[in-house]
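# A look at the structure
Here is how the chains run, residue by residue.
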There are 2 protein chains.
Amino acid sequence: MVSATTELHPLDPLTSSEIETAINIVKKAHGDVFYNVVSLHEPRKAEMSKWLEDTAAPKPTRIADVVVIAKGGKVYDGLVDLKDGKITKWELLDGLQPIITMEELVAVEHVCRKDPKVIEQCEISGIPKEDMHKVYCDPWTIGFDERHGNKVRLQQALMYYRPNVDDCQYQYPLDFCPIYDADKEEIVAIDIPKVRRPLSKAPAINYHPAAVEKAGGYRQDLKPINITQPEGVSFKMTGREIEWQSWKFHIGFNYREGIVLNNISYNENGTVRPIFYRLSLAEMVVPYGNPEHPHQRKHAFDLGEYGAGYMTNSLSLGCDCKGSIHYLDAEFPSRNGGIRTIKNAICIHEEDAGILFKHTDFRDESSIVTRARKLIIQQVFTAANYEYAIQWIFHQDGTIQPEIKLTGILNTYSMNPGEDTHGWGTQVYPGVNAHNHQHLFCLRVDPNVDGPNNTVFVSDAVPSDAPVGSPENFYGNAFYAKRTKLSTTGESKTDYEGKTVRTWEICNTNKPHPVSGKAASYKLISREVPPLLPKEGSLVWKRAGFARHAVQVTKYSDDQLWPAGRHVPQTSGEPSLGLPEWIGDGTESIDNTDIVLWHTFGVVHIPSPEDFPVMPVEPITLLLKPRNFFSNNPVMNVPPSYASTPSQVAAGNAGVYDATDKISKLAFTNGTNGTNGSCCASNGANGH
Amino acid sequence: MVSATTELHPLDPLTSSEIETAINIVKKAHGDVFYNVVSLHEPRKAEMSKWLEDTAAPKPTRIADVVVIAKGGKVYDGLVDLKDGKITKWELLDGLQPIITMEELVAVEHVCRKDPKVIEQCEISGIPKEDMHKVYCDPWTIGFDERHGNKVRLQQALMYYRPNVDDCQYQYPLDFCPIYDADKEEIVAIDIPKVRRPLSKAPAINYHPAAVEKAGGYRQDLKPINITQPEGVSFKMTGREIEWQSWKFHIGFNYREGIVLNNISYNENGTVRPIFYRLSLAEMVVPYGNPEHPHQRKHAFDLGEYGAGYMTNSLSLGCDCKGSIHYLDAEFPSRNGGIRTIKNAICIHEEDAGILFKHTDFRDESSIVTRARKLIIQQVFTAANYEYAIQWIFHQDGTIQPEIKLTGILNTYSMNPGEDTHGWGTQVYPGVNAHNHQHLFCLRVDPNVDGPNNTVFVSDAVPSDAPVGSPENFYGNAFYAKRTKLSTTGESKTDYEGKTVRTWEICNTNKPHPVSGKAASYKLISREVPPLLPKEGSLVWKRAGFARHAVQVTKYSDDQLWPAGRHVPQTSGEPSLGLPEWIGDGTESIDNTDIVLWHTFGVVHIPSPEDFPVMPVEPITLLLKPRNFFSNNPVMNVPPSYASTPSQVAAGNAGVYDATDKISKLAFTNGTNGTNGSCCASNGANGH
């Protein structure tokens, strides 16, 4: 069920009319500017918490966060009070570059194709000047280049060629890199490598239908699988608030983090248990591991530099999403002050999730089997070559599972025939060098575990210190969970330890479990936690301070949202903006107070040919799991498929609970691909 | 499609008539004995490989592997040639105890209830002698107890009480432990603790429907979700051989490993690429971490001591399995020489698996999105209190994903009110102490990666040694995959290293990829890899040598199947049977030869109340992923849902490939829980 509400929730994204209002106010005051950002300025937590607790309290005002670039490349940060119609802040920035917009991404290619020096380099590479329409570029922000600094807005054009307009360009990289001045709208420099690598002459490989048909055609042996919910879905929407299986939360969305989940709680038998105030991916970085110039500039902060919202796909029913799907649209400013709508930016649906719990008594085969359901809030964003499918998965037992699936296309560079990649990359196709890289994501967890005052502990599984044969540990089997409190921001900088299968517990020490005596907690179980491979003191280490540790914790402060800084393109990392600033000397207490946990996780990607020319999904996942939070198992009240007790079995199965899914069938009947199946009533260990 | 075959595959489990034949032969020669095992004696690899390559070669004979216990507790290992009708081996064992059978598990309770000393202890605990029918026991093998040794077959009875026949017994543990002599069929000792812990008086908590109704009833807000395959399934069965999405393999099954997958290959565009000769879970151990006596005896080898086959559930269509399901039954001997059939022991089905790959060109929104399918081969076995759902998941891109879901009920012990568990356990319900434990599984991988001669490498992601600012690493970003060959069995003993996100590569160094130059390989990506927490020299460390390292590699040898030894109950660990024996002094070469990789993975379980009285599933997973194995992306020929090229977009989407799933719907229409949805043709980053 979905209820339309005329009232906006304070955490709802700005509507198109609110964006227009803000733009009109700015236009009136400051004339024509480029709009890089017109987004919700999130309410202050103190005010918001009061209103969440009691909607009779003052409702936080709607304020627009605005970032514009005026003539001459002047960057302004602004705030516009939408109620009063006033600009409450208008600050000229120095040496800070705002997020790249889609329009800025699209603009560069046209300029490149016409630039005489680019044309010259293309000719050197083997591309005649008549073929410049076959030359393409992915115009990333320059990142940071010490020769150019950050006063002038610059992009680096990663160059490619398509023999045919439908060819995958990433198999034909070009070896030089034009630098584009966004204010002048021209190429101001070209990085030309010492070793030249002319255009590859390898035949094209493609993944589009015409290429597949030519290569032998599509697989013919996939039979359809249908997923339907004939009585509708189990979730209920009230505006952007969703309720599903005891969960309740608000689904926000912004230009850089994409999906933001607010005010997450779980209703345990009538008691609303608060869990997280806010949950999102707040930043990410994709550092490449080839030390040769200019590849050190390849370390995109896809959220802070481009935006998971700005780059998000318009999802397609029956393609991206299968089953019964609910969509939310997204609205953004366009660079020139219009409105850009992305329909179906977020999809919401539920899925069967296999067995939830099961037990059979071996004595008499009395048993229970209950099936699980999960809820998925999803977006997919395209960062030039790569795609990131971000799923926020909710389980009935109180577990939240962020899951990211990587797909799309490897970043590629050219290589000469027989060239040694020195281990910095792999030839994934003739002439195509795919460099080693990492995908590192920063999960921002603003916990509210049973209340706002929380404490983080590190939990390590360790053997007893007592030696084998000692009275305390005679047989040598003793082990326990060693918990270490993170009392200050400095102490909070912790890393994964495989030897102790380390986890982190976000606890409310004021709320011990009435039976176990342990603090109510949500445990972070995260196993894809590579360290930041660029070394201490490196360019990436400086710019991506959040990635130096698996976990860092700060004391909550409004506006500490984006851990590489508010404006990321072209930051030098000196100083390191964002999280390193907020932690400072590390002495601030984070013990039993309002905190934010920053968790960096991800993968190291050493490419191989299987990843090319487009990559089958690689999954990355982690769990936020309730421990000592609920009274006991919170899903016993999920209806089982089947349940029989010993007394029922003794009475010949009289009165058993049988909600077996009658739609399920046997795959085959009598040697044919069957339709009608029989449902087995017996559900025991020793089937009869 | 399923084809009946009259011919048995050499790796098919023994049929009921073959089991009967073997039993009759043994009975004739040796009279009445108890049958602990009558199972397929797997063909020798040399012979089997020849036949697999060319079915005109001699077909390996069917031989039964037999283990019996004769009067006086005499244990015999035997082999019966089913063709010739002859016993080819009959060996009396000394000090070895065969696997526990279901019948032996069920027998002990009756004896306990009648034993005067057990009755006495029950009275001390607070249970009157009239209520002995309310006393239950889970009669594990004794494991190993140095006071009793292994000449006499013994079980330890973990004791419980049920006030009502339908109560979950694990909330009322009793503090003493009777020892049962299986030959005498009587209690020969009782372990009585120094600290007594009488029966808990806490009110009962249960998960059956009557209890849930009493506690407020079931959740009412779950709408059904239907999964159907109206044109049948995509997999084809020929006997026990399955073909699906380029995969082909044989599904075996035995009393101890459960599912065994044989002769796994992938057909890459007409070329059959061999991958694994044999894949299974070959052993497991669940060590408990409480050092107090007698808890050190709690470290069940659920496969070698009880059997994933023997304990496997009869799966229920529409309950355990949802959709279009194919089942395989299992047949075993019963202890007294009959046949025990478990219907629906294995289920096979496919599932939609979300996006397989996707890419959108930000310039014009030309895009492709292809959905994934996965195949699951599943069993669920009940090990007294715990359930293990074992899934072998096959992906279209050549990835194999073993996944285990833990559920069922915690092992519990009694505790006094206010008792300090000293961190060795958690009070999960009043009076119920759930001890810390690990679940460690041994994956046995007999690789055949592009052929029988393979080599294992450790792969560590490491930064360059060159410092930041040096010519080799000026910006400090350089990193690579450092590969270390495991040349000998001794070198192969390796552990997980979180700091380098270590993986293991099973390579064929004779088969370099024609483009990348790297050896064709299957990569083991496994992140749930706790070390064995019982210390070196401990009882568990000695008995479970396989668990001392994340990976160990041996040179292939027929009959080296079960890494804690062939007969596991009551082994002392001196010497350590199985894998430690096979590795010996560690000097044997495993370089470019026929090898077996043993991978131990799992979890540390620190219980909490959410796990009680029955545990919501906890998932454990790992990947075996092709790298430098396939020419390039092997799934480009999976039909997309939607594909448009730049030229098609320029022509107004003429000729796009559109196989959008028309069954998918919008969840809501006009504020109601909707039925008809519209399919969005646009699939771009900037939706219109």
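Residues numbered from 1 in each chain as written. Chains lettered and ligands numbered in written order. Predicted model: local features only at pLDDT ≥ 70, side-chain atom pairs only at ≥ 80, totals over all residues. Heavy atoms only, no water.

- Where an unreviewed UniProt entry is consulted, chain A appears under the name Amine oxidase, with the organism given as Neoarthrinium moseri.
- If you open the UniProt record of chain A and go to Subunit (unreviewed entry), you find "Homodimer."
- UniProt, in the comment section headed Catalytic activity (unreviewed entry), describes chain A in these words: "a primary methyl amine + O2 + H2O = an aldehyde + H2O2 + NH4(+)". (UniProt positions renumbered as here; feature names shortened; annotations may be inferred.)

### Overview of the relation of the copies chain A and chain B
- Between chain A and chain B, the superposition needs a rotation of 180 degrees and an axial shift of 0.0 Å, giving an RMSD of 0.0 Å. Considering both components of the superposition, the chain copies are consistent with a two-fold axis.
- Interface overlap between copies: 100% of the residues of chain A at the interface are likewise at the interface in chain B, consistent with a symmetric, same-surface contact. (Least-squares fit on C-alpha atoms with pLDDT ≥ 70 in both. Contact = heavy atoms within 4.5 Å.)

### Quick word on the interface of chain A and chain B
- Taken together, the contact pairs 209 residues of chain A with 208 residues of chain B.
- Here chain A and chain B share an interface that buries about 17,300 Å² over both sides, 57% of which is from carbon and sulfur atoms.
- A per-residue breakdown of the area chain A buries against chain B is headed by R219, Y475 and F479 of chain A, which together make up 6% of the total.
- Counting every contact that joins chain A to chain B gives 16 salt bridges.
- Among the salt bridges present, the one from D611 of chain B reaches R627 of chain A, with a minimum N-O distance of 2.8 Å.
- Inspection of the chain A/chain B interface yields 105 residue pairs in polar contact (both at pLDDT 80 or more).
- Here the side of chain A that touches chain B takes 15 residues from strand 18 (residues 339-360) of chain A, the largest share from any one element.
- The residue makeup of the side of chain A that touches chain B, split by class, is 99 nonpolar, 70 polar and 40 charged.
- Relative to strand 17 (residues 324-333) of chain B, strand 35 (residues 665-666) of chain A runs parallel, the two sharing 2 bridges. Counterpart to K665 of chain A in the pairing with strand 17 of chain B is S324 of chain B. (Buried area = accessible area lost by both parts, 1.4 Å probe. Salt bridge = Lys/Arg side-chain N within 4 Å of Asp/Glu carboxyl O. Polar contact = N/O pair within 3.5 Å; in protein donor to acceptor, adjacent residues only side chain to side chain. Helix = DSSP H or I, 4+ residues; strand = E, 2+ residues; numbered from the N terminus. Nonpolar A, V, L, I, M, F, W, Y, C, P; charged D, E, K, R; others polar. Pairing = 2+ DSSP bridges.)

### Description of the sheet that holds strand 23 (residues 425-429) of chain A
- As summarised here, the arrangement of the 3 strands in space is 22-24-23 (chain A), forming an open sheet in which the pairing is antiparallel. Among the strands making up the open sheet, the edge pair consists of strand 22 (413-414) and strand 23 of chain A.

### Let's talk about helix 2 (residues 45-53) of chain A
All names here are of chain A.
- For helix 2, every residue scored as buried is listed here: K45, M48 and W51. Relative to the axis of helix 2, the buried residues are bounded by an arc of 130 degrees and lie together on one face. In helix 2, the exposed residues that point more than 90 degrees away from the buried face are A46, K50 and E53.
- Its buried side turned inward, helix 2 meets strand 15 (271-287) and strand 25 (437-447). (Buried < 20%, exposed > 50% of the residue type's maximum accessible area, 1.4 Å probe, protein only. Arc of directions from axis to C-beta.)

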